[in-house]
Amino acid sequence: MGEDPTDQVSFFNDLSSMDLVPAAGDAVSEPPSNTTGTSGGGGGGGDGDRDGGDDYMAPSPDQVLEIVLENVLHFLTSRHDRNSVSLVCKSWYSAEALTRTDLFIGNCYAVSPLRAIHRFRRIQSLVLKGKPRFADFNLVPTNWGAHFTPWVSAMSSAYPWLEKLCLKRMSITDQDLTLISQSFHGFKELVLICCEGFGTTGLSVIASNCRQLRVLDLIEDDVMDDDEVDWISCFPDTGTTCLESLIFDCVESPVNFEALEQLVVRSPSLRKLMVNRYISIGQLHRLMVRAPHLTHLGTGSFSSVDPLTQGDEGQKLFSAFASSRSLLCLSGFRDIVPEYLPAIYPVCANLISLNFSYANIDAEQLKSVICHCHNLQSLWVLDSVCDEGLQAVAATCKDLRELRVFPMNALEDVETPVSEVGLLAISEGCRKLRYILYFCQQMTNAAVVAMSKNCPELVVFRLCIMGRHRPDHLTGKPMDEGFGAIVMNCKKLTRLAISGLLTDNAFRYIGKYGKLVRTLSVAFAGNSDMGLKCVLEGCPKLQKLEIRDSPFGNAALLSGLHHYYNMRFLWMSSCSLSLEGCKELAQRMPQLVVEVIRDWDEENEYPGNVEKLYLYRSLEGQRSDVPKFVTIL
């Protein structure tokens, strides 16, 4: 349920001037530096030349320009500004590359590690994404790819000063983690989001060897439990550590609590700590006492290992929260015992973020907490809180900017306890809302229209009406007018997820008014190719388009030929595409990679429609690690 925290530098624009990318032999190895150097050939002498008089050669105007430019570029942090600068001319392109220290690559197959290293030589921080987002819904087969091994192998010698890595939906091995720990001697931050393939053995190596580690965040990863590997005990046991953030709530195996407690004691800079379900209430209390300056806390199980001591443990926990003066963000609450909820009351007034997305609590239990949370800006809950709980949120949290309501049960035929009533209440009470994700079984156009008018500052609107082709449940009409109102009235909208019974009219609204939409997700919606054609022709900023279980076919696919080179990716599954249509697309756009994905390994003829299509731009062409169930056209 984690959200993407990595939206930084666009790599497609970075490498758009293909003829200016250095050749393989141009790669150099040099430490990062804030001092200025020229990036073009020739050059004047050093200080000795200046004193010599006769031998001194004044720098050319181009060199002076490059020197000035490099100094200016150090102050440019916006990815859009840097991309624009790199496209002006060859000198600016080279200067921008030499001053880049942070690199974002939104698709690990869009560019090769070697090409990235040849252009950007002083990188200290890398964000790298792998599998498409629909992998979160098990729509991407296991072993599809996104291997980190070639990246870390290339970077280990080229970037010895690398300090930060953030990987999302990548396949990582313990050997990769070992190479990280051995190659980057000043390594400080490792953030793994929705990754797989590694285990506690790899974590133990990171803990042992990375002595300057400040951040180790494991977020929704699939971490293998290697028996008898006590990775927490592998952190240095002498002196203080540099740890500022430790998140391991996704690790589904017990940890050595005594070692964890001592680690917390040795980490005076620790501000974020999110533990897993194997940490009990009593142990949580001990950790909080040891780390009184935490700003972010993930509580773990929020239950007791010994029911006979619940009263004493609850009182101790209440005292620990009462003593806290710095907590701003609370999460965790797995296997929650609701009787412990009053323990968090003392910190609620200061909270700006509260995550109950793993807590099966009802409306009354949420109300008992939320009535104290007047400064809350972000709230994640399960739909078990019902419309009544959302009404309480609307009455109290007037500064709310983000709301996510997840389903307890995501099956299509299971009735959910939240509806248009809760959505309407939120729109009326939380007028500063910027981001909403809302899972439900029924909705009305009137409620969605009201939200578009009451919350015009919305940037993200993700309404997931579970079930297929569900109309306005009061009028029986399509949900066209509701989603049309969102794109018309919310002028800052950049991300939109639509579902329910929708006709081509809804897509016409999106194409006409969604001029800033960058990410569009479609599920169980649309009635003809014309709908998708309206979006592809009308949304100039569209970067990511993901569609599932919709009737769009070849004509819709081919209507986007003018735009696909500007997009990061297109995903279509369970639509009406044929292999011939996909082949035509590949022939007409040779710089795109067109992957047809099967749900089986055998390379047989396709039985009818193409099941999954993944389309993306790449400077390298076909990838080398194609599994048997993937055909690249």
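The rules behind each value
- Residues numbered from 1 in each chain as written.
- Predicted model: local features only at pLDDT ≥ 70, side-chain atom pairs only at ≥ 80, totals over all residues.
- Heavy atoms only, no water.
- Helix = DSSP H or I, 4+ residues; strand = E, 2+ residues; numbered from the N terminus.
- Buried < 20%, exposed > 50% of the residue type's maximum accessible area, 1.4 Å probe, protein only.
- Contact = heavy atoms within 4.5 Å.
- Areas by Shrake-Rupley, 256 points an atom, 1.4 Å probe, with all protein chains shown as cover.
- Pairing = 2+ DSSP bridges.
- Phe/Tyr/Trp six-rings, centres within 6.5 Å; stacked < 30°, edge-to-face > 60°.
- Arc of directions from axis to C-beta.
- Axes fitted to C-alpha atoms, helices over the stretch in contact; angles between N-to-C directions.
- Parallel < 35°, antiparallel > 145°, perpendicular 65-115°, else oblique.
- Nonpolar A, V, L, I, M, F, W, Y, C, P; charged D, E, K, R; others polar.
- Polar contact = N/O pair within 3.5 Å; in protein donor to acceptor, adjacent residues only side chain to side chain.
- Core = buried A, V, L, I, M, F, W, Y, C linked by side-chain atoms within 4.5 Å.
- Disulfide = S-S within 2.5 Å.
- Salt bridge = Lys/Arg side-chain N within 4 Å of Asp/Glu carboxyl O.

**Student:** Which residues make up the overall build of the protein chain, and what values go with them?
**Tutor:** Per the secondary structure count, the protein chain includes 22 helices and 23 strands. Here the protein chain holds 633 residues, and 56% of them are scored as buried. Of all intrachain contacts in the protein chain linking residues separated by at least 6 positions in sequence, the fraction that spans at least 24 positions is 73%. When the accessible area of the protein chain is evaluated, it comes to approximately 25800 Å², of which 51% is carbon and sulfur surface.

**Student:** Lay out the pairing of strand E6 (residues 215-219) with the relevant residues and their values.
**Tutor:** Within E6, four of the five residues are buried, which leaves the element mostly enclosed by the surrounding structure. Bridge analysis of strand E4 (residues 189-193) against E6 gives five bridges, and the strand direction is parallel. In the sheet register, Leu192 faces E6, and the bridge partner there is Leu218. As defined by bridge partners, E6 adjoins strand E8 (residues 245-247) across three bridges and the pair is classed as parallel. Counted as the bridge partner of Leu216 is Leu246 from E8.

**Student:** Tell me about helix H18 (residues 480-489), residues and numbers included.
**Tutor:** Counting buried residues along H18, seven of its 10 residues qualify, which places the element largely inside the surrounding structure. Burial in H18 covers these residues: Asp480, Gly482, Phe483, Gly484, Ala485, Ile486 and Val487.

**Student:** Outline the packing of aromatic side chains, supporting the account with residue identities and numerical values.
**Tutor:** Evaluated as defined, the whole model comprises 16 aromatic pairs. Look at Phe302 and Tyr340: their rings are 6.3 Å apart centre to centre, the planes differ by 85°, and that puts the pair in the edge-to-face class. Of this pair, Phe302 sits in the loop between strand E10 (296-298) and helix H12 (310-323) while Tyr340 sits in the loop between strand E11 (329-331) and helix H13 (345-348), and the two are 38 residues apart along the sequence. Tyr340 shares its class with Phe302; the two are buried.

**Student:** Help me get a handle on helix H4 (residues 79-86), residues and values and all.
**Tutor:** Among the residues of H4, Arg79, Arg82, Asn83, Val85 and Ser86 are the ones counted as buried. When H4 is viewed along its axis, its buried side chains cluster within an angular range of 160° and face the same direction.

**Student:** Quick one: what's the story with the environment of Leu516, residue by residue and with numbers?
**Tutor:** In this structure, Leu516 sits in the loop between helix H19 (504-513) and strand E18 (519-523). Here Leu516 falls in the partly exposed class, since its relative accessible area comes to 40%. Leu516 sits 22 residues away from Thr494 along the chain, and the two C-alpha atoms are 5.3 Å apart. The contacts of Leu516, once residues within four sequence positions are left out, are Lys491, Lys492, Leu493, Thr494 and Lys541.

**Student:** Residue-level account of the packing of H18 against H19, with values.
**Tutor:** Between H18 and H19, the least distance of the axes is 8 Å, while the angle of their chain directions is 5°. The angle between H18 and H19 places the two elements in the roughly parallel class. Facing Asp480, Glu481, Gly484, Val487 and Met488 of H18, the residues of H19 in contact are Asn505, Ala506, Tyr509, Ile510 and Tyr513. A breakdown of the residues in the contact of H18 with H19 according to their chemical character gives six nonpolar, two polar and two charged.

**Student:** Tell me about the side chain of Thr241, and please be specific about residues and values.
**Tutor:** Locating Thr241 in the fold gives a position in the loop between strand E7 (222-224) and E8. The buried category is assigned to Thr241, whose relative accessible area is 13%. Polar side-chain contacts of Thr241 include one of 2.6 Å to the side chain of Ser267. Residues contacting Thr241, with those up to four places away along its chain left out, are Pro236, Leu263, Arg266, Ser267 and Pro268.

**Student:** Kindly report on the nonpolar core, identifying the contributing residues and their values.
**Tutor:** When a protein is soluble and globular, its nonpolar side chains tend to lie buried together. Judged by nonpolar contacts, the single largest core of 179 residues is most densely connected at Phe148, Leu260, Ile344, Phe356 and Phe461. Among the nonpolar cores identified, the runner-up in size contains nine residues, and Trp380, Phe406, Tyr435 and Leu437 belong to it.

**Student:** Mind laying out the state of the cysteines, listing which residues take part and the relevant values?
**Tutor:** Overall, the coordinates contain zero disulfides when judged by the stated rule. Cysteine Cys539 shares no disulfide, and the gap to the nearest cysteine sulfur, in Cys534, comes to 9.6 Å. Of the residues examined, Cys539 reaches a relative accessible area of 1% and is grouped as buried.

**Student:** Any chance you could break down the pattern of salt bridges for me, citing the residues and the numbers?
**Tutor:** Where charged atoms from two side chains of opposite charge approach closely, those side chains can pair. What the rule picks out here adds up to 26 salt bridges. Ionic pairing is found between Lys164 and Glu189, a salt bridge with its closest N-O pair at 4.0 Å. Highlighted residues: Lys164 in strand E3 (residues 164-168) and Glu189 in strand E4, separated in sequence by 25 residues. Owing to a relative accessible area of 19%, Glu189 belongs among the buried residues under this scheme. The salt bridge involving Arg401 is made with Asp399; its shortest N-O contact spans 2.9 Å. What emerges from the salt-bridge pattern is a single network uniting Arg82, Glu96, Arg100 and Arg119.

**Student:** Just give me the short version of the packing of H4 against helix H5 (residues 90-99), but keep the residues and values in it.
**Tutor:** Look at H4 against H5: their axes get within 7 Å of each other, and the N-to-C directions meet at 140°. Put simply, H4 runs oblique to H5. Across the interface between the two elements, Arg82, Val85 and Ser86 from H4 touch Trp92, Tyr93, Glu96 and Thr99 from H5. Here the contact of H4 with H5 is composed, by residue class, of three nonpolar, two polar and two charged.

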